[in-house]
Amino acid sequence: MLRTALRNVFAHRARLVMTALAITLGVAFVSGTLVFGDTVTEALRGASARNLKDVAVSVQAESARTSDSRPMADARSTALTGELADRVRAVPGVTSVHAVVNGTATLAAKDGRPLNADNSWQNLALNYSPDTPATDRDSRFPISAGRGPTAAGEIALDRRTAEKAGYHLGDTVRFATQGPTLTKTLVGTVDTDDPRVTAGGSLALFGTGTAQQLFLQAGRFDELTVGSAPGTDDQQLTNTIRALLPTEGITVTSGAQLAHEQAQQIAEGTKDLTRMLLAFAAIALFVGAFVIANTFTMLIAQRSRETALLRAVGASRRQVVRAVLVEAGLLGLGASAAGIALGIGIAAAMRPILDAGGAGLPDGPLVISPDALVRSLLVGVGVTVLAAWLPSRKAAKIAPVAALTSVDQPPARRGMLRLGSVGGLLTGVGILSLLYVSTQQNGSDNNLKTAGLGSLLTLTGMVVIAPLLSRPLIRLAGEVTSRLFGVSGKLARENALRNPRRTAATASALMIGLTLITGLSVTGSSMNAALRAAAVAGLTADYKVSNAGSGGIDPALAAAVAEVPGVAESAPVAASYLGVRGKFASLTGAEPQRLAAVSDLKFSSGSLADLGPGRVALSDKLAGDTGLSKGDTFQGTLGSRSDRKELTVVGVYRQTRAVGGVIGTMADVLPYADGGRLDSILVKAAPGRSTSGLDREIRQALGNSPLLQVQDQEQLTKAQSGQIDAMLDMMYGLLGMTVVIAVFGVVNTLAMSVFERTREIGLLRAIGLDHRGVRQMVRLESVVISLFGATLGIGTGIFLAWACGSLARSSLAQYEIVLPWARLGLFLLLGPAIGVLAAVWPARRAARLNMLLAISAQ
């Protein structure tokens, strides 16, 4: 039987090509994901290790905000002082101590545009700390040009940032920490392997005194990085330094332990990406399983005479099953090997592609681990064998006499009804679960689990019930093809209806892909519309002025905005948090009259004019959650200090993202805002004043800081919806693999169907059907099957998106189902397009069959 399985693999290799391609693509997805994940993880670990290669001990301090009135960026203090650094330097075995000051600084390019303002946490700012007092060299940052900064007016940048910003030695660099725009002269560029910088951030270096003035206090440091002499026991050195220093506010860690912790953080960070990609790979393999199962079902049907002869000469059912599974295993092994090779190539190509898009991944070798290879191989072979198991059991159950009488028997009606009953039950339970979910308005864990289970049951049920649905839907489509294309259209319809299970299995692969793509598209469009509405709901302001970082805006700048020509109204806004009856909500502070001029809040009771000291307005959601209404008094906890204060509810309004859950006066809220700074300033242009250029004037009035954001309503909506668009584009690309595999499935089914019908096609040619008619018949059959799959997929996807979308309303009140008609129309047209594409080779092969040889075929 082993020799039989080997002979079958080589004898039918042409018919297995498309199946092998489906397996290859699925395994390539898996292996590429695993290899790329390992490569990125190792590259990040390597970059982190290079950063810590000379660090034997790290002494880190906890930051503490001082009580003075300076800006937040300046008002930090730590327990690490220069005197403690000198103590560490005196420890035997210590060769260097870098006293480090950490901060962030967002740069402006030479042409004025902010660099990486949206991710200001990546814009590192440190002090340039020479290894020893006798040298001006800081081994952490090798100089690539110029020198390190020493004077108050000097700055050094990492080489990549300087090139990106267009700066050269001697240029004046503009930047901001948390306050106004600052300028310093560029005196040097350095190289760095810090992953945050190589991943798209920036690095600015200052003299130690300057860095302390910007981010800390004179004589204070955030960290001491200690280098040791060769042969020193770093763990013992760590213990010695720990015993030497105060225990309060200081943590002492060995360099090895720090590297281990960072490696663990990197591994955890890359796991999420790997898991997401593997989830899409699993979907691709699931779709590929339909192609595999369909292929082996058709192969077994075509070889039924051969199977019957084997049974007649003594082969047992188990041997027949084993032979088919061995054949599947050999196919899976060869296709998986090709998939692993393709996946390695994909992984190698992903880094330069992502880097071209600005990912900035650190350099490192391609990591091909045995674990990734073995897992990919096992997945490919396992899925192939599993998909071939049911067809093999079906072949073994056919009686030899029955198999010798017919090559292609239609499925028994009883079996179809049983299958339909199971599919109907699964679909019914899934739909009922989703209808229940559609009545819920919150995304609790239980509701999310119910939605996931209902979606899975519905999709599985649609796959199982597809053979029964194929008859009416394909007959309907066949009526159109018969009227438009005559005999060829009628023959295409009958061929598609000949074996409903085969037709359904072929269409199901396409259906699954389009269900997921359609569901994502509808959900994404609905979320986009809701986010766009939420971003400006309740706002009549033309601009929102804010800080791209976390430092807020100096309250003194509000007056400068109000004095800009063309500004009619401006409302400074502070932000904090309020705890009330076990619930936490965002707290907005503003002067009621000024806020009313730039907003249009809908009050169900009370108004903004009722606000005053100790008097607040609640959103309708918070009021409902807490049971509070107008006139009620409660004890609230304000800000990070959790100060308790008695507050009175004077109004209830419809919640919007613009003002959050609670509104109070500026005097009540500003003391609890982070650093005592404003969150934003809302600006309304004067009547008749064009808003064109007003944003530039506002920026100039505020010092044109790189951290400053002046956004109009369109920019606010784009900021909210841009991430959804980027996510959808990525999802489409990943799910596109399932559609490609589905195309291979249609090609495979048609090609094998042409082989089955060789004699029939010869007879059709003999009675007058020409080459063009044969090609048209095969092409229309492909179009009908693909259109059937596309219709089911789009319909199921819309239903899943509608049912599950209600769960978003708890966090996004504006959420309503929005059908992207143009995109759905494109998906529907994709069905016939796939059909035409998939039929190119099978139709050509059918038309080129020799008439006499085809008629004489057995």
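Worth saying up front: this structure is predicted, and the values here are computed from it rather than measured. (Residues numbered from 1 in each chain as written. Predicted model: local features only at pLDDT ≥ 70, side-chain atom pairs only at ≥ 80, totals over all residues. Heavy atoms only, no water.)

## Observations regarding the sheet that holds strand β5 (residues 94-100)
Pairing between the strands of a sheet is mediated by backbone hydrogen bonds and can be parallel or antiparallel.
Step number 1: The antiparallel open sheet is built from four strands, whose spatial order is β5-β15-β1-β16. Two strands bound the open sheet, and with one partner strand each, they are β5 and β16 (250-254). Averaged over all pairs of adjacent strands, the angle between strand axes in this sheet comes to 15°, irrespective of strand direction.
Step number 2: Direction of pairing for β5 relative to strand β15 (residues 223-228): antiparallel, over a ladder of six bridges. Across the sheet, Ala99 pairs through a bridge with Leu224, a residue of β15.
Step number 3: Each of β5, β15 and β16 touches helix α3 (residues 82-89); the most contacted strand, β5, lies at about 165° to it.
Step number 4: Against the sheet, helix α8 (residues 255-302) contacts β1 (57-61) and β16, and its axis sits at roughly 90° relative to β16. (Pairing = 2+ DSSP bridges. Helix = DSSP H or I, 4+ residues; strand = E, 2+ residues; numbered from the N terminus. Axes fitted to C-alpha atoms, helices over the stretch in contact; angles between N-to-C directions. Contact = heavy atoms within 4.5 Å.)

## So, a nonpolar patch on the surface
Step number 1: On the surface, a nonpolar cluster with roughly 430 Å² of combined accessible area is contributed by Ile431, Leu432, Leu435, Trp802 and Ile817.
Step number 2: Within the secondary structure layout, Trp802 lies in helix α24 (residues 771-805).
Step number 3: Residue Trp802 is classed as partly exposed on the basis of its relative accessible area of 41%. (Patch = residues over 30% accessible without salt bridge, like charges linked within 9 Å, V, L, I, M, F, W, Y side chains within 5 Å. Areas by Shrake-Rupley, 256 points an atom, 1.4 Å probe, with all protein chains shown as cover. Salt bridge = Lys/Arg side-chain N within 4 Å of Asp/Glu carboxyl O. Buried < 20%, exposed > 50% of the residue type's maximum accessible area, 1.4 Å probe, protein only.)

## Concerning the environment of Ala843
Step number 1: Considering the arrangement of structural elements, one finds Ala843 in helix α26 (residues 840-847).
Step number 2: Overall, Ala843 belongs to the buried group, its relative accessible area being 2%.
Step number 3: Between the C-alpha atom of Ala843 and that of Glu781, which follows or precedes it by 62 residues, the distance is 10.0 Å.
Step number 4: Not counting residues up to four positions away in its chain, the partners in contact with Ala843 are Arg775 and Val778.

## Observations concerning unusual backbone geometry
Step number 1: Positive phi outside glycine occurs at Arg581, with the angle close to 50°.
Step number 2: Residue placement: Arg581 occurs in the loop between β18 (567-580) and β19 (583-589).
Step number 3: Look at Arg581 and you get exposed, because its relative accessible area is 52%.

## Examining helix α15 (residues 487-498)
Step number 1: With twelve residues, α15 should reach 16 Å at 1.5 Å per residue; the first-to-last C-alpha distance of 16 Å fits that figure.
Step number 2: Of all the positions in α15, only Ser488, Gly489, Ala492, Arg493, Asn495, Ala496 and Leu497 are classed as buried.
Step number 3: In this structure, the buried side of α15 is in contact with α14 (445-485), α16 (500-536), α23 (758-766) and α24. (Expected span 1.5 Å × (residues − 1).)

## Digging into the confidence of the model for the protein
Atomic detail in the predicted coordinates should be set aside for any region of low pLDDT.
Step number 1: Across the protein, the average pLDDT comes to 84, with 92% of residues at or above 70.
Step number 2: Of all the helices and strands in the protein, strand β2 (residues 64-65) carries the lowest mean pLDDT, 40, while strand β10 (residues 154-158) carries the highest, 96.
Step number 3: Under a pLDDT of 50 for its full length, residues 64-75 has, in the predicted model, 31 contacts with residues more than four places off or in other chains. (pLDDT = per-residue confidence, 0-100.)

## Overview of the nonpolar core
Step number 1: By size, the foremost hydrophobic cluster in this structure holds 82 residues, and its most contacted members are Phe296, Met511, Ile512 and Ile741.
Step number 2: Of all the elements, α8 adds the most residues to this core, at 15 residues.
Step number 3: Membership of the second largest hydrophobic core comes to 40 residues, among which are Leu107, Ala162, Ala211 and Phe215. (Core = buried A, V, L, I, M, F, W, Y, C linked by side-chain atoms within 4.5 Å.)

## Some thoughts on the packing of aromatic side chains
One pair of aromatic rings is described through two measures. These are the centre distance and the angle between the planes.
Step number 1: Under the criterion given, the structure shown has five aromatic pairs.
Step number 2: With a centroid separation of 5.3 Å and an interplanar angle of 45°, the aromatic rings of Phe175 and Phe206 are classed as tilted. Within this pair, whereas Phe175 is found in strand β11 (residues 172-176), its partner Phe206 is found in strand β13 (residues 202-206), the two being separated by 31 residues in sequence.
Step number 3: The class of Phe175 is buried, set by a relative accessible area of 0%.
Step number 4: Considering the side-chain rings of Phe603 and Tyr653, the 5.6 Å spacing of their centres and the 50° angle between planes classify their relative orientation as tilted. Highlighted residues: Phe603 in strand β20 (residues 603-605) and Tyr653 in strand β23 (residues 643-653), separated in sequence by 50 residues.
Step number 5: Ring pairs connect the aromatic residues Phe175, Phe206 and Phe215, which therefore count as one cluster. (Phe/Tyr/Trp six-rings, centres within 6.5 Å; stacked < 30°, edge-to-face > 60°.)

## A word on the pairing of β18
Step number 1: Along β18, ten of the 14 residues are buried, which leaves the element largely enclosed by surrounding structure.
Step number 2: One ladder, built from six bridges, connects β18 with strand β25 (residues 680-685); its direction is antiparallel. Following the sheet pairing, Ser570 is matched in β25 by Val683.
Step number 3: Looking at chain direction, β18 and β19 are connected through seven bridges and run antiparallel. In the sheet register, Val580 faces β19, and the bridge partner there is Lys583.
Step number 4: As consecutive antiparallel partners, β18 and β19 are separated by two residues, and within that stretch Arg581 has a phi angle of approximately 50°, a positive value.
Step number 5: Pairing analysis gives two bridges linking β18 to strand β22 (residues 633-638), with the strands arranged antiparallel. Among the inter-strand pairings, Leu578 is bridged to a residue of β22, identified as Leu638.

## Re the pattern of salt bridges
Proximity of charged atoms lets side chains of opposite charge pair with each other.
Step number 1: By the definition in use, this model includes 15 salt bridges.
Step number 2: The partner of Asp171 in a salt bridge is Lys110, with the nearest N and O atoms 3.1 Å apart. With Asp171 in the loop between α4 (159-165) and β11 and Lys110 in the loop between β7 (106-108) and β8 (123-127), this residue pair connects regions lying 61 residues apart in the sequence.
Step number 3: Exposure remark for Asp171: the relative accessible area of 17% places this residue in the buried category.
Step number 4: The partner of Arg493 in a salt bridge is Glu494, with the nearest N and O atoms 3.1 Å apart.
Step number 5: A residue is classified by how much of its surface remains accessible, and Glu494, at 34% relative accessible area, is partly exposed.
Step number 6: Three or more residues are tied together by salt bridges with common partners; here these are Arg159, Glu163 and Asp191.

## Quick look at the pairing of β10
Step number 1: Of all the five residues making up β10, five are buried; the element is thus mostly covered by neighbouring parts of the structure.
Step number 2: Covered by surrounding structure in β10 are Glu154, Ala156 and Asp158 together with Ile155 and Leu157, the residues of both alternating faces.
Step number 3: Here five bridges tie β10 to strand β12 (residues 182-190), and the two strands are oriented parallel to one another. Its bridge partner being in β12, Ala156 is matched across the sheet by Gly188.
Step number 4: Relative to β13, β10 runs antiparallel, the two being bridged by two bridges. By the bridge assignment for β13, Ala156 is matched with Leu205.

## Here we look at α26
Step number 1: What α26 keeps buried is the set Pro842, Ala843, Ala846 and Ala847. When α26 is viewed along its axis, its buried side chains cluster within an angular range of 130° and face the same direction. Summarising the geometry of α26, the exposed residues directed more than 90 degrees from the buried face are Val840 and Arg844. (Arc of directions from axis to C-beta.)

## As for empty space enclosed by the protein
Step number 1: In the structure shown here, the tally under the stated rule is seven cavities of 30 Å³ or more.
Step number 2: Considered as a void within the structure, the second largest cavity measures approximately 100 Å³ in volume.
Step number 3: Asn495, Arg502, Ser753, Arg757 and Glu781 are, among the 13 residues lining the second largest cavity, the residues nearest its centre. (1 Å grid on protein atoms, 1.4 Å probe; cavity = no way out; pocket = protein on both sides within 12 Å on 5 of 7 lines; lining within 4 Å. Points joined across faces, edges and corners; volume = space filled by probe spheres on them.)

## Section: the packing of α14 against α24
Step number 1: Where α14 meets α24, the axes come as close as 8 Å, and the angle between the chain directions of the two elements is 145°. By crossing handedness, the relation of α14 to α24 is classed as right-handed.
Step number 2: By residue class, the composition of the contact of α14 with α24 is 15 nonpolar, six polar and no charged. (Left-handed = near helix turned anticlockwise from the far one by under 90°. Nonpolar A, V, L, I, M, F, W, Y, C, P; charged D, E, K, R; others polar.)

## What about the environment of Glu591?
Step number 1: Along the chain, the position of Glu591 falls in the loop between β19 and α18 (592-597).
Step number 2: Placed 482 residues apart in sequence, Glu591 and Ala109 show a C-alpha to C-alpha distance of 37 Å.
Step number 3: When sequence neighbours within four positions are dropped, the list of residues in contact with Glu591 reads Met666 and Ala667.

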